[in-house]
Amino acid sequence: MRHTHPLPGDIGLTQISGVTGQLIRFGQWINKDGFADYEHSFLVLPDDRLLEAEPGGARIGALGRYGGANVLYVCPPGLTERQRTDICEAAVSYTGVPYSFLDYFAIAAHRFHLPVPGLRRYVASTRHMICSQLVDQCYQDAGVHLFADHRWPGYVTPMALYNLLAR
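Residues numbered from 1 in each chain as written. Predicted model: local features only at pLDDT ≥ 70, side-chain atom pairs only at ≥ 80, totals over all residues. Heavy atoms only, no water.

Asker: How do you make sense of the pattern of salt bridges when you look at a structure like this?
Answerer: Opposite charge on two side chains permits them to pair, given that their charged atoms come into close proximity. Summed over the entire model, instances satisfying the criterion amount to 7 salt bridges. Notably, a salt bridge pairs E52 with R59, separated by 3.3 Å at the nearest N-O pair. E52 gets classed as buried once you look at its relative accessible area, which sits at 1%. On the basis of relative accessibility, which here comes to 27%, the residue R59 falls in the partly exposed class. For the salt bridge of E54 with R65, the shortest nitrogen-to-oxygen distance reads 2.5 Å. Of the two residues, E54 is situated in the loop between strand 4 (49-52) and strand 5 (59-62) and R65 in the loop between strand 5 and strand 6 (72-74); the sequence distance between them amounts to 11 residues. (Salt bridge = Lys/Arg side-chain N within 4 Å of Asp/Glu carboxyl O. Buried < 20%, exposed > 50% of the residue type's maximum accessible area, 1.4 Å probe, protein only. Helix = DSSP H or I, 4+ residues; strand = E, 2+ residues; numbered from the N terminus.)

The structure is reproduced here in structure tokens:
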């Protein structure tokens with residue numbers, strides 16, 4: 001479900017320019033999520049704030065940071081106010097969690113069925129997350145499971161969120 005005006009608990013999907021955006025697009029392409037327009041996701045919090053994973057660690061910031069950007073706001077249909085509150089409360093606990101570019105490669109190793117010991121545990125770890133894993137984990141902590149396709153925990157990219165919620 002798409003929103004024009006973001007609500008707490010919504011997921012923001014946007015583009016990242018430059019080399020970082022190109023690397024993420026490539027990582028998503030390797031993971032069969034397309035070579036498309038959304039390289040970053042974040043979670044909308046109350047009071048015009050957001051939680052997002054960044055190379056320096058997950059942080060809470062101002063939603064206005066994306067005021068002039070092309071952002072698509074999505075959420076699963078039927079999301080209740082209680083669920084939105086629980087998602088936002090879970091989000092605060094992940095402030096400071098380190099970012100991990102290696103998660104894209106771990107997700108790709110799983111996609112290509114590479115026999116890497118401990119891979120599932122690494123992808124599922126909440127001690128390091130890419131932006132889409134962080135968003136998905138906040139939803140899971142609130143009891144909202146976005147994906148019903150039996151994917152591994154943490155096996156999610158920004159385009160996977162787009163493909164699930166915006167199409």
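Asker: Any chance you could explain the packing of aromatic side chains here in plain terms?
Answerer: Centre distance and the angle of the planes are the two values used to describe a pair of aromatic rings. For the structure shown, the criterion picks out 2 aromatic pairs. Relative to Y66, the ring of F42 lies with its centre 4.7 Å away and its plane at 10 degrees, an arrangement referred to as stacked. Remark: Y66 occurs in the loop between strand 5 and strand 6 and F42 occurs in strand 3 (residues 40-45); sequence separation between them is 24 residues. Its relative accessible area of 0% is what places F42 among the buried residues. Ring centres 6.2 Å apart and planes at 80 degrees place the aromatic pair F42 and Y73 in the edge-to-face group. One end of the pair, F42, is in strand 3; the other, Y73, is in strand 6, with 31 residues separating them in the sequence. (Phe/Tyr/Trp six-rings, centres within 6.5 Å; stacked < 30°, edge-to-face > 60°.)

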